[in-house]
Amino acid sequence: MKLYCLSGHPTLPCNVLKFKSTTIMLDCGLDTTSVLQFLPLPLVHSPRLSKLPGWVSKDGTINLEKELKECAGRVFVDSQPEFCLPEKELLDLSTIDVILISNYHCMMALPYITEHTGFTGTVYATEPTLQIGRLLMEELVNFMERVPKAQSATCWKYKEIQRLLPGPLKDAVEVSTWKRCYSMQDVNSALSKVQLVGYSQKVELFGAVQVTPLSSGYSLGSSNWIIQSHYEKVSYVSGSSLLTTHPQPMDQSSLKNSDVLILTGLTQMPTANPDGMLGDFCSNLAMTIRAGGNVLVPCYSSGVIYDLLECLYQFIENANLGSTPFYFISPVANSSLEFSQIFAEWLCHNKQSKVYLPEPPFPHAELIQTNKLKHYPSIHGDFSSEFRQPCVVFTGHPSLRFGDVVHFMELWGKSSLNTIIFTEPDFSYLDALAPYQPLAMKCVYCPIDTRLNFHQVSKLLKEVQPLHVVCPEQYTQPPPAQSHRSDLMLELQPPPMPYRRCSVLGLPFRRRWERIQLLPELAKSLVPSEIKPGISVATVSAVLQSKDNKHTLQPVPKPPPLPPSKKRKRVVEEPPEVLAPKPLLSGAVPLEAFLAMLHKHGITEVKVEETADGHILHLQAEDTLIQLEEDGTHIVCDDNEPLRTALRDLVLRFLMKL
């Protein structure tokens, strides 16, 4: 059993498990942090960005003015943003049988994997994962296609040039594999390969293994996966949460008795408490609005935004912000808000029960009805005529490199009354803000990450007790910025097996058993013999048939009767005689009793020598050796057949025949 690791990002995993003749991809996360190296894509022409100076090396030998631009001491690529894909060279992607998706954030690289690679397998995901994943992909494609860039920067990627660039461009990894965004055609084709599954639904793969999704408690429809055969069990835990937010709670008990547990997607903010961050978010928002400023919240169109709106719903009335408009701008804003209300069976019990009242499970429905929350596909059209300030705007993309957020950064960045509040933990906020410097607007960092922290995961592992844990190497050491914090790492016995991008791990368990079925007519013919109380054994002669990873023992076919011949033969041919199989022997030959038996039969001169496996008896007068071992007895004598058979019969007296 092998694990191929195709992504180096611990919360955006992409691993391939080879297990019992099946090849299973576990998630296909897209590392979008690479877009931080690019200039933002403005929706409206930006004089500031167009006037940025090009970059030339200090000695003037490298001139990349057309590709790289300088802003506030940093260098950015002036081109369509590109993403760091999972590794494609480590194994042939066309050999992948199935892809298991754990949540909608971990499927963004799906079109790169399933399209143009020869992939012919099936993708398994829950319905909310598929539908919200589709929205996030659609939004990404829309952001990119709205602002096409004519030129494509490639020269800076050459290794000999990249080495000479200023950091962090110089340290960017795998830049040769970075790719532009896929098209909507690729998205539709990739998602047509998805087969929907429900929690605890067992799916057979080629008769060899069974996969089952379990609720992971992190987002709508997010799953952990159990991959098991009759005798082995692998658990894949990715993006799980024990906090009571809107999704169904995490199913922990089904993870017990795992041989191997693959652990990814822990919180990216182990020191930030989500409840405390929500409190900071609300208080900073209220402070800015009261001072007459605007609040910008760069966020994804699904997920944490539901919790933010719920929190604000309770907060607005108490803080006298009832008249402040809230805007949610995204190409998929309407679908996202509506989807969250219809996936009732995937919500926590408290929200499920509201559906039968009937009430919408999320309060943002009421915010929309009372006109406190308005949603628009983009800043063009209705929004520009209805927009009034001061206001709160939720929009994408959290990287601040594309989407409507770029326009608001240009619009509000010059005033210190305005505030930008970062809630998504995926991007460093300082890197996100770098191309907008110098910036007058206030910046507040309230990362809300509800995934498991190290304390919670240690407790979980103590309860489910897997034999072996496999995790990204980042989890086996403290964060580089806090090297003294040994509580921010996994400390387990035995220590976890770490992986990094492009590593191949041999997972530490061997297949020992296979399940075989006996056909009833064969079972009927068996004659068991009791070898010790409660244990009976029977010999079986059969044909083993293996098909679709299922093994069956069938009776040996009888030879067909010979057809009568027209010509008379002088000699009638006898059918070949089928010999009965020799009986099998079991038991052990006790040394003292055997020596006494030899003595009784007149063999008295016996020299006994002890060996690692048993004893050697030297019959000196007869010049014969008898080797007594645990699993066999050997009689060595020269040209004395009567003696050999006599000794054999004495040995057989101590053994049982089956």
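Here the structure is a predicted model, which is why all the values come from computation and not from measurement.

Parameters at a glance
In every chain, residue numbers begin from 1 and rise along the written sequence. The predicted nature of this model means local features are confined to residues of pLDDT at least 70 and side-chain atom pairs, given and counted, to a pLDDT of 80 or more, with totals for whole chains, interfaces and linings taken over all residues. Hydrogen atoms and water are omitted, and side-chain values are computed over all heavy atoms in the structure. In this scheme, strands are said to pair when DSSP sees at least two bridges between them. Note on conventions: DSSP H or I runs of at least 4 residues are helices, E runs of at least 2 residues are strands, and numbering of each starts at the N terminus. The rule is simple: put a 1 Å grid over the protein atoms alone, call a set of points where a 1.4 Å probe fits but cannot get out a cavity, call an open set with protein on both sides within 12 Å along at least five of seven lines a pocket, and count a residue as lining if it has an atom within 4 Å of a point. Grid points are joined across faces, edges and corners, and a volume is the space filled by probe spheres set on the points. The nonpolar class holds Ala, Val, Leu, Ile, Met, Phe, Trp, Tyr, Cys and Pro. Asp, Glu, Lys and Arg form the charged class, and all remaining residues, Gly among them, are polar. The angle between two axes is taken between their N-to-C directions and runs from 0 to 180 degrees, where each axis is a line fitted to C-alpha atoms and a helix contributes only its stretch in contact. Residues belong to one nonpolar core when they are buried, are Ala, Val, Leu, Ile, Met, Phe, Trp, Tyr or Cys, and are joined through side-chain atoms within 4.5 Å. Burial here depends on accessible area, computed with a 1.4 Å probe over protein chains only, as a share of the maximum for the residue type. Under 20% is buried, over 50% is exposed, and the range in between is partly exposed. Note on contacts: a residue pair qualifies if any of its non-hydrogen atoms lie within 4.5 Å across the two residues.

A. Region of the structure containing the pairing of strand E5 (residues 63–71). Here three bridges tie strand E4 (residues 54–56) to E5, and the two strands are oriented antiparallel to one another. Its bridge partner being in E5, Gly 54 is matched across the sheet by Lys 69. The antiparallel hairpin formed by E4 and E5 contains six residues in its connecting segment, where Gly 60 sits at a positive phi of about 80°. In terms of strand pairing, E5 meets strand E6 (residues 74–77) through four bridges, oriented antiparallel. Residue pairing in the sheet places Leu 68 in a bridge with Val 77 of E6.

B. Structural context of empty space enclosed by the protein. Under the defined criterion, the tally for this structure stands at four cavities of 30 Å³ or more. Here the largest cavity defines a volume of roughly 250 Å³. Forming the walls of the largest cavity are 22 residues, and the residues nearest its centre are His 105, Tyr 218, Val 304, Glu 424 and Ile 448. In terms of residue class, the lining of the largest cavity is made up of seven nonpolar, 10 polar and five charged. If you add up the space inside the second largest cavity, you get close to 170 Å³. Lining the second largest cavity are Leu 12, Leu 30, Thr 32, His 105, Met 108, Leu 136, Glu 139, Leu 140, Phe 143, Tyr 300, His 397 and Asp 426. For the lining of the second largest cavity, a count of residues per class yields seven nonpolar, three polar and two charged.

C. Just the sheet that holds strand E12 (residues 223–228), in detail. Pairing within the open sheet is mixed, and its seven strands lie in the order E10-E11-E12-E13-E14-E21-E22. Here the strands that pair on one side only, and so sit at the sheet edges, are strand E10 (203–205) and strand E22 (497–499). The average undirected angle you get between the axes of adjacent strands in this sheet is 20°. Sheet analysis places E12 next to strand E13 (residues 233–238), joined by four bridges and oriented antiparallel. Paired with Ile 227 across the strands is Val 234, a residue of E13.

D. Region of interest: the nonpolar core. Grouped together as the largest cluster of nonpolar side chains are 109 residues, with contacts concentrated most on Met 25, Phe 83, Ile 99, Leu 110, Phe 281 and Phe 394. Tallying contributions element by element places helix H3 (residues 127–146) first for this core, with nine residues. Among residues more than four places away in sequence, those in contact with Ile 99 are Met 25, Cys 28, Leu 110, Ile 113, Thr 114, Phe 119, Thr 122, Val 123 and Tyr 124. One finds Leu 3, Val 98, Val 211 and Ile 227 within the second-largest nonpolar core, a separate group that totals 26 residues.

E. Spotlight on unusual backbone geometry. For the bond running from Gly 396 to His 397, omega is 15°, close enough to zero to count as cis. Its location among the elements puts His 397 in the loop between strand E18 (392–395) and helix H12 (405–412). The phi angle at Asn 371 is positive, at roughly 65°, despite the residue not being glycine. Along the chain, Asn 371 falls in the loop between helix H10 (364–369) and strand E17 (373–376).

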